[in-house]
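Commentary on secondary and tertiary structure
Below are the chains, spelled out letter by letter.
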Amino acid sequence: MRHVAIVGSGPAGYYTAETLQKAEDIAVDVIDRLPVPYGLIRTGVAPDHQSIKAVSRRYEGVALTDNVRFVGHVSVGTDVTIDELVELYDAVVLATGAPNDRPLAIPGADRAGVIGSAAFVGWYNGHPDFARLDPPLDSAGVVVIGNGNVALDVARILAKTPAEFAGSDIVAHARDALAASAVREIHILGRRGPHQIAMTPKELGELGHLERASPRVDPADLPDEGDDAMLEPGMRKSVTHLRSFAANPVAKPVTIDFDFFAMPVAIEGDGRVQRVIVERTTLDSELRSHGTGETYAIDAGLVISCIGYQTPPIPGVPYEHGRGRFASDEGRILPGLYAVGWARRGPSGTIGTNKPDGARIAEMLLADIGRGAGKAGRAGLDSLLASRNIVPVTFRDWRKIEAAEVAAALDGNPREKFTSIEAMLAAIGR
Ligand code: NAP
């Protein structure tokens, strides 16, 4: 028997498990620190993007196979160490994603009211770590920093009316806070230009169909239309949306302004953030941004930095500090230790990018471990955890938690999530 532990039950973890479970004589344990599975699908993908979240049904299919087991509410690093897992399993795969925000290194970034997208996205998605975030939504102005899909998610969620959340699984605390929000002017800051955005067309196009909010683009920021021809097709479509926003400004009570060539340089305020100082930029021949010295201020009571994520290091595991991910040779970190998904390649690509990534790492480790080395595997983990009085949450337990969440859903919504670990455990009588 070959024993594999996957740390992290998000897309990268389950796609890896999906390929592994097709092999013979294999037992796969998918370990997660939360009592609930699916990682970013549950707590990262926007609650109004249910069609993307539906991929969890596929992971459920994997989780329900005989040779895959969910080991929830077990923290690797605290309840069990990486070294112990490497001792117990033929292979350990770190599929821990990139849950930490890249730091916004400008003066004033530590002011109250400045938060990272991991926290804000976690808050509206009911991640237990961020359920108490209580972002200040009492000012008209909000600055969203970054020109990626996360910035779009954040701006859209801030702009939506309660009715537009119908059918979503946004959690009650966020639904209520957003319904009472005073936010009217959302500024999305890009330090480069329309041709350098990292926004995909479908997500960008959604901003053009919001009930009470409209996107605004300054036509002067757009390059010559002929230059769009050199873009790859997806980017060309995205830029076409920006051109349409610029050409057809619609008056609505909430505005979403795209500030291009705009680099935040300081966050000011009396204690809490009151304004963001922005420097205009130009691009050099390699499309890097440089400040021009010309600045302006945007009044804002909330700043959400959406500038990318990083994987937290684990003591003893080689790490690439510059890139915020584990150091690996195409996924091999150390003998018996692998990385997959964002933990391996950094926070890029869509959920689907993890499918080939997971399959490749699974095939690589199967070739590496051969028929296995007679390790203790899951029986060994069970006795180690029992000796520490740790009772994991099983997939069967999770399905009870899920059933309780589905039963609590508002009409037409898929679920009402538990937002604390205590409430999740209470649903299974613990
Ligand atoms: P991202 O795509 O890497 O975008 C990060 C943005 O932050 C870039 O525009 C970058 O600008 C900007 N930035 C970085 N450092 C900055 C700084 N110091 N000051 C100002 N701006 C800065 O990251 P993301 O939006 O977090 O998304 C992560 C991944 O998840 C992406 O692959 C994304 O497509 C994916 N995702 C997909 C969906 C979806 O498909 N619906 C939804 C959410 C996320 P530069 O280009 O100038 O560096």
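Residues numbered from 1 in each chain as written. Predicted model: local features only at pLDDT ≥ 70, side-chain atom pairs only at ≥ 80, totals over all residues. Heavy atoms only, no water.

So, about the site of the ligand. Around the ligand sit 21 residues in total, of which Asn147, Asn149, Arg191, Arg192 and Gly349 are the nearest. One of the backbone nitrogen or oxygen atoms of asparagine 147 is found 3.0 Å away from an oxygen atom of the ligand. One of the side-chain N or O atoms of asparagine 149 is found 3.0 Å from an oxygen atom in the ligand. For the ligand, whose free accessible area comes to 920 Å², the fraction covered by protein is 79%. (Near = heavy atom within 4 Å. Polar contact = N/O pair within 3.5 Å; in protein donor to acceptor, adjacent residues only side chain to side chain. Areas by Shrake-Rupley, 256 points an atom, 1.4 Å probe, with all protein chains shown as cover.)

The tally for this structure, following the rule as stated, stands at 31 salt bridges. Arginine 69 is paired through a salt bridge with aspartate 29; the nearest N and O atoms lie 2.8 Å apart. Of this pair, arginine 69 sits in strand E3 (residues 68-71) while aspartate 29 sits in strand E2 (residues 26-31), placing them 40 residues apart in sequence. A salt bridge links arginine 156 to glutamate 206; the nearest nitrogen and oxygen atoms lie 3.6 Å apart. (Salt bridge = Lys/Arg side-chain N within 4 Å of Asp/Glu carboxyl O. Helix = DSSP H or I, 4+ residues; strand = E, 2+ residues; numbered from the N terminus.)

Moving on to the environment of serine 387. For serine 387, the location among the structural elements is in helix H13 (residues 377-387). A distance of 2.6 Å separates a polar side-chain atom of serine 387 from the backbone oxygen of leucine 384.

Turning to the sheet that holds strand E8 (residues 185-189), a few remarks are in order. Spatially, E6-E14-E7-E8-E10-E9 is the arrangement adopted by the 6 strands of the open sheet, whose pairing is parallel. If you trace the sheet from one side to the other, it starts and ends with strand E6 (114-116) and strand E9 (213-217), each paired once. Each strand of the sheet is rotated relative to its neighbour by a mean of 20°, with strand direction disregarded. Pairing of E9 with strand E10 (residues 254-259) involves 5 bridges; the strand directions are parallel. Residue pairing in the sheet places alanine 213 in a bridge with valine 254 of E10. Across the sheet, helix H7 (residues 149-159) touches strand E7 (141-145), E8, E9, E10 and strand E14 (302-305), and the angle it forms with E8 is around 180°. (Pairing = 2+ DSSP bridges. Axes fitted to C-alpha atoms, helices over the stretch in contact; angles between N-to-C directions. Contact = heavy atoms within 4.5 Å.)

Our next topic: the sheet that holds E2. Pairing between the strands of a sheet comes from backbone hydrogen bonds, and it takes one of two forms, parallel or antiparallel. Within the open sheet, the 6 strands sit side by side as E3-E2-E1-E4-E19-E18. Their pairing is mixed. Each of the sheet's edge strands pairs with one partner strand only, and the pair in question is E3 and strand E18 (332-334). When strand polarity is set aside, the average angle formed by the axes of neighbouring strands in this sheet is 25°. Here 2 bridges tie E18 to strand E19 (residues 337-339), and the two strands are oriented antiparallel to one another. Considered in E19, the bridge of arginine 332 is made with tyrosine 338.

The next thing to look at is the domain arrangement of the protein. The figure often quoted for interface size is the accessible area lost as the parts come together. Once the domains are mapped, the protein shows domain 1 (2-99 + 310-426) and domain 2 (103-305). Contact with domain 1, which involves 26 residues of that partner, is made by 28 residues of domain 2. For the pair domain 1 and domain 2, the two sides together bury roughly 2,000 Å², of which 49% comes from carbon and sulfur. Where domain 1 touches domain 2, the interface holds 7 salt bridges. (Domains from an automatic or database assignment. Buried area = accessible area lost by both parts, 1.4 Å probe.)

It is worth spelling out the pairing of strand E4 (residues 91-94) at this point. Every second residue of E4 is oriented toward a common face, with Ala91 and Val93 on one face and Val92 and Leu94 on the other, all of them buried. Sheet analysis places strand E1 (residues 2-7) next to E4, joined by 4 bridges and oriented parallel. Paired with isoleucine 6 across the strands is valine 93, a residue of E4. Here E4 pairs with E19 via 3 bridges, running parallel. The residue bridging leucine 94 from the neighbouring strand is alanine 339, located in E19. (Buried < 20%, exposed > 50% of the residue type's maximum accessible area, 1.4 Å probe, protein only.)

Turning next to the packing of helix H1 (residues 11-20) against helix H12 (residues 354-369). Relative to each other, H1 and H12 sit at 50°, their axes nearing to 7 Å. One finds that H1 runs oblique with respect to H12. As for the relative orientation of H1 and H12, their crossing is right-handed in sense. Of the residues in H12, those in contact with Pro11, Ala12, Tyr15, Thr16, Glu18, Thr19 and Leu20 of H1 are Asn354, Lys355, Gly358, Ala359, Ala362, Glu363, Leu365 and Leu366. Among the residues forming the contact of H1 with H12, the class breakdown is 8 nonpolar, 4 polar and 3 charged. (Parallel < 35°, antiparallel > 145°, perpendicular 65-115°, else oblique. Left-handed = near helix turned anticlockwise from the far one by under 90°. Nonpolar A, V, L, I, M, F, W, Y, C, P; charged D, E, K, R; others polar.)

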